[in-house]
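Residue-level structural notes
As a plain string of letters, each chain reads:
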Amino acid sequence: MKSILKAGANYWRLSPVAGGGLIVDGRDYYRAFYQAARKAERYIAISGWQFDSNVALLRGPDAEAAGEQAPLLAFLNGLCEKNPELRVFILAWDFSFVYGLDREWFQQWYVNWTTNKSLKFFFDRSAVYDASHHQKFVVIDGKIAFVGGLDLCSSRWDDRDHRVENPLRVDADGTAYRSFHDLQSCHGGQIAHDLAELFEARWKVSSGEALELPAEPDDGSHELTPTIPIAAERVAISRTQHCAVCGGDKTFREIRQLFLDAIDAAEHLIYIENQYFSAEALYQGLLRRMADKNRSPLEIVLVIAKDADGLLEQLSIGVAQNRIVRDLQQAARDNGHHLGIYYPASVAADGTELPTYIHSKCLVVDDRFLSVGSANMNNRSMGYDTELNVSWEAGQDDGELARSIADARVDLLAEHTGQGDAKGRKALGRIPGLVEHLDRLADSGSTRLRHHPLESISQEYQWVTSVLPDGLPFDSERSEEAYEKMSTEDDSFFSRGVTSLKTWLLDND
């Protein structure tokens, strides 16, 4: 059994933890964040891709129990008003104009001028051109940390049942949005200190201000309420981080190496939940593993979003993803592996079907390794968008941790299939024959699981497959500087085409 976590190769820190585990879907995460933030004494540091001032942290029974809906900005400002010693720091990506219609304008000015002086907001402008700051994590008092794929923003909150009609699944203006699945993790212990250090460095590069977050000893007084506990004593922290965003001269691609090592080490099972699967490196890694005739056959389960979200994602992700997943299916057939590609959906009483949008970033190998975080399985996340993942690995003597990881995988499949009773969970707990079992569930039409159609490009945009057959340059591991260099060395047609298409996107998306 190969060890996946290797010192200095695929993680930044291997941190001791005290309790914690997975938090599944927005309702559980927003509630956990609310409860932890209310007890903050010294600081709350929040890093993310997007924030919305009026997103309600609590809804329905949760809001009734607390006596408030806790809109994010008002809630944080209220904490600062009540506790003069508390400081709140929010670091968000300085977004591209492509996302302008989906974001609050003048947010940095508004937050910093209308709230308590102890609450500070900065846009992260340190990313390389055309990249984004995508690390989603929270540190509270150096004692509690949250890491995953969820931002505290609009259109993310949802219950685990993902029903078609949910009056609570609306934005602040009352607009309903699609069913949404994601994962966060929660931790106590040394990892909170390590992530506070990471936040300090990013704040310094982005704002120009030095920041000191107190590294007080963890007295064990925190109360962590994960959806799925993970019985671990340590967790690995892995990053994607370009030298331009960490104040140094080295680019870190630890997550890329971590995923490749995990795929190579797999003996029986690879389980993936991800918004995308278009990463060329991971595609090649899977092909190599499946082609090895001296290795055991694999059960490979891929749960991804049914549709790419909007034109930009269809161009950047859908083109490559369509090709990759079909190639992987053929490779599995040729080499005796079992590969199933699915998405979940809910059905209303009148027959209306609503796919659940998969936004999670999760990898499980052999029920002994688990990684969650912000990194999509696309080229950008492997190369130069800033990303953050945490991972657990059970050794031969870590039976309790291995059982926790297996329970997490089964629990997630129970959500996606709707087979949450004891009999259903037992069937989902198998490894040999898992894909065959999931295929039967998807074929039956009586569960939440669906076979993925493997088409993420709308008919009206099929023309792009002939212009950009690999989906580049919208989803690449290379930075914009590399494209500029390439375009000056090659025929200028490429450069003109890229510039024209990007301009068209900005005008039409």
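Analysis parameters
- Residues numbered from 1 in each chain as written.
- Predicted model: local features only at pLDDT ≥ 70, side-chain atom pairs only at ≥ 80, totals over all residues.
- Heavy atoms only, no water.
- Helix = DSSP H or I, 4+ residues; strand = E, 2+ residues; numbered from the N terminus.
- Buried < 20%, exposed > 50% of the residue type's maximum accessible area, 1.4 Å probe, protein only.
- Contact = heavy atoms within 4.5 Å.
- Areas by Shrake-Rupley, 256 points an atom, 1.4 Å probe, with all protein chains shown as cover.
- Pairing = 2+ DSSP bridges.
- Phe/Tyr/Trp six-rings, centres within 6.5 Å; stacked < 30°, edge-to-face > 60°.
- Axes fitted to C-alpha atoms, helices over the stretch in contact; angles between N-to-C directions.
- Parallel < 35°, antiparallel > 145°, perpendicular 65-115°, else oblique.
- Left-handed = near helix turned anticlockwise from the far one by under 90°.
- pLDDT = per-residue confidence, 0-100.
- Core = buried A, V, L, I, M, F, W, Y, C linked by side-chain atoms within 4.5 Å.
- Expected span 1.5 Å × (residues − 1).
- Salt bridge = Lys/Arg side-chain N within 4 Å of Asp/Glu carboxyl O.
- Patch = residues over 30% accessible without salt bridge, like charges linked within 9 Å, V, L, I, M, F, W, Y side chains within 5 Å.
- Lys, Arg positive; Asp, Glu negative; His and termini not counted.
- Charge placed at Lys NZ, Arg CZ, Asp CG, Glu CD.

**Re the overall build of the protein**
- Regarding its fold elements, the protein presents 15 helices and 21 strands.
- Counting all 509 residues of the protein, 60% fall into the buried class.
- Within the protein, contacts between residues at least 6 apart in sequence are counted, and of these 78% link residues at least 24 apart.
- A total accessible area of about 20700 Å² is found for the protein, and carbon and sulfur atoms account for 50% of it.

**Here we look at the pairing of strand β15 (residues 338–347)**
- When you tally the buried positions in β15, you get eight out of ten residues, the bulk of the element.
- As paired elements, strand β14 (residues 299–304) and β15 share five bridges and run parallel to each other. When the bridges of β15 are listed, Val301 appears paired with Gly340.
- The pairing of β15 with strand β21 (residues 449–451) spans three bridges and is antiparallel. Looking across to β21, one finds that Pro344 is bridged to Leu449.
- The sheet contact formed by β15 and strand β16 (residues 353–355) spans three bridges and is antiparallel.

**What about unusual backbone geometry?**
- Unusually for a residue other than glycine, Asp25 sits at a positive phi of about 75 degrees.
- Phi at His162 is positive, roughly 50 degrees, even though this residue is not glycine.
- Of note, His162 is situated in the loop between β7 (144–148) and β8 (180–181).
- Take His162: its relative accessible area is 1%, and that puts it in the buried class.

**Here's the deal with the environment of Leu412**
- Within the secondary structure, Leu412 is located in helix α10 (residues 399–417).
- It is 9.6 Å that separates the C-alpha atoms of Leu412 and Ile228, two residues lying 184 residues apart in sequence.
- Leu412 has contacts with Val24, Arg160, His181, Leu183, Tyr271, Glu273 and Cys362, leaving out every residue within four places of it along the chain.

**Details of the packing of aromatic side chains**
- Under the criterion given, the structure shown has ten aromatic pairs.
- Look at Trp49 and Trp93: their rings are 5.7 Å apart centre to centre, the planes differ by 20 degrees, and that puts the pair in the stacked class. With a gap of 44 residues between them, Trp49 in the loop between β3 (43–48) and α2 (61–66) and Trp93 in strand β4 (residues 87–93) connect regions that are remote in the sequence. Take Trp49 and Trp93: they sit in the same class, and that class is buried.
- Through successive ring pairs, a cluster of aromatic residues spans Phe89, Phe122, Phe137, Phe199 and Trp203.

**A few points about the packing of helix α6 (residues 254–265) against helix α7 (residues 280–291)**
- Across the interface, α6 lies against α7 with an axial gap of 9 Å and an inter-helix angle of 15 degrees. The angle between the axes of α6 and α7 places the two elements in the roughly parallel class. By crossing handedness, the relation of α6 to α7 is classed as right-handed. Note on element contacts: α7 touches α6 through Ala281, Leu282, Gly285, Leu286, Arg288 and Arg289, opposite Arg256, Phe259, Leu260, Ile263 and Asp264.

**Here we look at the confidence of the model for the protein**
- Chain-level statistics for the protein give a pLDDT mean of 86 and a share of 80% at 70 or above.
- In this model, residues 95–101 is a region of pLDDT below 50 whose contacts with residues beyond four sequence positions or in other chains number eleven contacts.
- Note that pLDDT drops below 50 for residues 479–509; the model gives that stretch 31 contacts with residues more than four away or on any other chain.

**Notes on the nonpolar core**
- Residues Phe33, Ile44, Leu76 and Trp392 are the most contacted members of the largest nonpolar core, which totals 101 residues.
- Those residues within four positions of Leu76 in sequence are excluded, and the remaining contacts are Phe33, Ile44, Ile46, Val88, Ile90 and Leu119.
- Of all hydrophobic cores here, the second largest spans 38 residues; its members include Ile255, Phe259, Leu282 and Leu298.

**Focus on α10**
- With 19 residues, α10 extends 27 Å between its outermost C-alpha atoms, agreeing within 8% with the 27 Å of an ideal straight helix rising 1.5 Å per residue.
- Burial of α10 is extensive: 14 of the 19 residues sit out of reach of the surface.
- Directly beyond the C-terminal end of α10, a positive phi value near 80 degrees is found at Gly418.

**Section: the sheet that holds strand β10 (residues 228–229)**
- Across the sheet, eight strands lie side by side as β5-β4-β3-β6-β7-β9-β2-β10; this open sheet has mixed pairing. Across the chains shown, the open sheet's two edge strands, defined by having one partner strand only, are β5 (119–124) and β10.
- Pairing between β4 and β5: six bridges, direction parallel. Looking at the pairing, Ile90 lines up with Phe121 of β5.
- Taken strand by strand, helix α1 (residues 25–38) contacts β2 (20–24), β3, β6 (137–140), β7 and β9 (183–188), and its axis lies near 130 degrees from that of β2.
- On top of the sheet, helix α5 (residues 190–207) reaches β3, β4, β5, β6, β7 and β9; it is set at about 65 degrees to β4, its chief contact.

**A look at the pattern of salt bridges**
- One pass over the full model with this rule turns up 25 salt bridges.
- In this structure, the salt-bridge partner of Lys120 is Glu209, at a minimum N-O distance of 3.7 Å. You can see Lys120 sitting in strand β5 and its partner Glu209 sitting in the loop between α5 and β10, a full 89 residues away along the chain.
- A salt bridge links Arg368 to Asp366; its shortest N-O distance comes to 4.0 Å. Here Arg368 and Asp366 have matching classes, each one buried.
- A single salt-bridge network, built from bridges that share partners, covers Arg27, Asp28, Arg31, Asp62, Asp159, Asp161 and Arg163.

**Overview of a negative patch on the surface**
- Where like charges cluster on the molecular surface, the negative patch consists of Glu233, Asp397, Asp398 and Glu400.
- Checked against the element boundaries, Asp398 lands in the loop between β20 (387–393) and α10.
- Residue Asp398 is classed as partly exposed on the basis of its relative accessible area of 34%.

**Here we look at the packing of α1 against helix α3 (residues 72–82)**
- Relative orientation of the contacting elements α1 and α3 amounts to 15 degrees, with a least axis distance of 11 Å. For the element pair α1 / α3, the angle class is roughly parallel. Crossing angle aside, the handedness with which α1 passes α3 is right-handed. For the pair formed by α1 and α3, the contact residues are Phe33, Tyr34, Ala37 and Arg38 on the first element and Leu72, Phe75, Leu76 and Leu79 on the second.

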